[in-house]
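# Architecture and fold: a report
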Amino acid sequence: MRVAVGADHAGFNLRETVISTIEAAGHQVIDLGAHSYNAEDDYPDRAAPVAEAVMSGDADRGVIVCGSGIGASVTANKFRGVRASICHDTYSAAQGVVHDDMNVLCIGGRVVGDAIATELVRAFLSAQMGDEVRFQRRLDKLIAIEEANFASE
């Protein structure tokens, strides 16, 4: 699996942990920075390239780390086909994929440390969308909403 990774200044310290965890799980990392610490680095600047990579198909999934995870999630969800959510527990990180086909995990670098971030990424990457009819029905409804709101004029 190809996994795009991005982190702003507040997520910078967890970035290497996230990358190492993805690589240790046997996946390819698409490192979209930040590659050096910059206190003026804003979350939209790091979340957008990850969301673009997922939207275009260049990445299968993405992980974004900002201070709380909220800004990353809000930004990523502005892109067609991206289903991003903030998760700070392993149940949500896996369940978001199984039930909702979540494809971008957002983590708060000021909320969790290395150990929890590692477990979140592992849970996210190891999960696959469930094959129950209700999951697909819900995803189809979500896609219809997205299509209606992203319709070209």
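Throughout, residues of each chain are indexed from 1 in the direction in which the sequence is written. Side-chain atom pairs in this predicted model are given and counted only at pLDDT of 80 or more, local residue features only at pLDDT of at least 70, and totals for whole chains, interfaces and linings cover all residues. To get the side-chain values, take all heavy atoms of the structure and skip hydrogens and water.

## Regarding the overall build of the protein
To be explicit about the condition: Secondary structure counts use DSSP, requiring at least four H or I residues in a row for a helix and at least two E residues in a row for a strand, with both numbered from the N terminus. Relative accessibility thresholds used throughout: buried, under 20% of the residue-type maximum; exposed, over 50%; partly exposed, between the two (1.4 Å probe, protein chains only). Note on contacts: a residue pair qualifies if any of its non-hydrogen atoms lie within 4.5 Å across the two residues. Where accessible areas are quoted, they stem from the Shrake-Rupley method and a 1.4 Å probe; at the residue level, only the protein chains shown are allowed to cover.
Within the protein, the secondary structure is distributed over six helices and five strands. Per-residue burial for the protein yields a buried fraction of 46% across its 153 residues. Considering only residue pairs separated by 6 or more positions, the protein has 68% of its internal contacts joining residues 24 or more positions apart. When the accessible surface of the protein is totalled, it reaches about 7600 Å², and 50% of it is carbon and sulfur.

## Topic: the pairing of strand 5 (residues 104–108)
Note the threshold: Think of it this way: DSSP has to see at least two bridges between two strands before they count as a pair.
The element strand 5 is largely enclosed, with a buried count of five among its five residues. Of the two faces of strand 5, both are covered, the one formed by Val104, Cys106 and Gly108 as well as the one formed by Leu105 and Ile107. In this structure, strand 3 (residues 61–66) lies alongside strand 5, joined through five bridges in parallel fashion. Bridge pairing links Val63 to Leu105 in strand 5.

## Overview of the state of the cysteines
Covalent bonding between the sulfur atoms of two cysteines defines a disulfide. Our working definition: Here, a disulfide means two cysteine sulfur atoms that sit within 2.5 Å of each other.
Across all of its chains, the model carries zero disulfides by this definition. Free of any disulfide, Cys66 has its nearest cysteine sulfur in Cys106, 7.1 Å distant. A relative accessible area of 3% means that Cys66 is categorised as buried.

## Considerations on the pairing of strand 1 (residues 2–7)
As a reminder, the rule being used: Whether a crossover is right-handed comes down to one check: with the strands pointing away from the viewer, does the path from the first strand over the helix to the second run clockwise; if it does, it is right-handed.
The buried fraction of strand 1 is high, at five of six residues. Of the pairings in the sheet, the one linking strand 1 to strand 2 (residues 28–31) comprises four bridges and is parallel in character. Residue pairing for strand 2: Val5 is matched across the bridge by Asp31. Where the polypeptide runs from strand 1 across helix 1 (residues 12–24) and back to strand 2, its parallel neighbour, the crossover connection is right-handed. One ladder, built from five bridges, connects strand 1 with strand 3; its direction is parallel.

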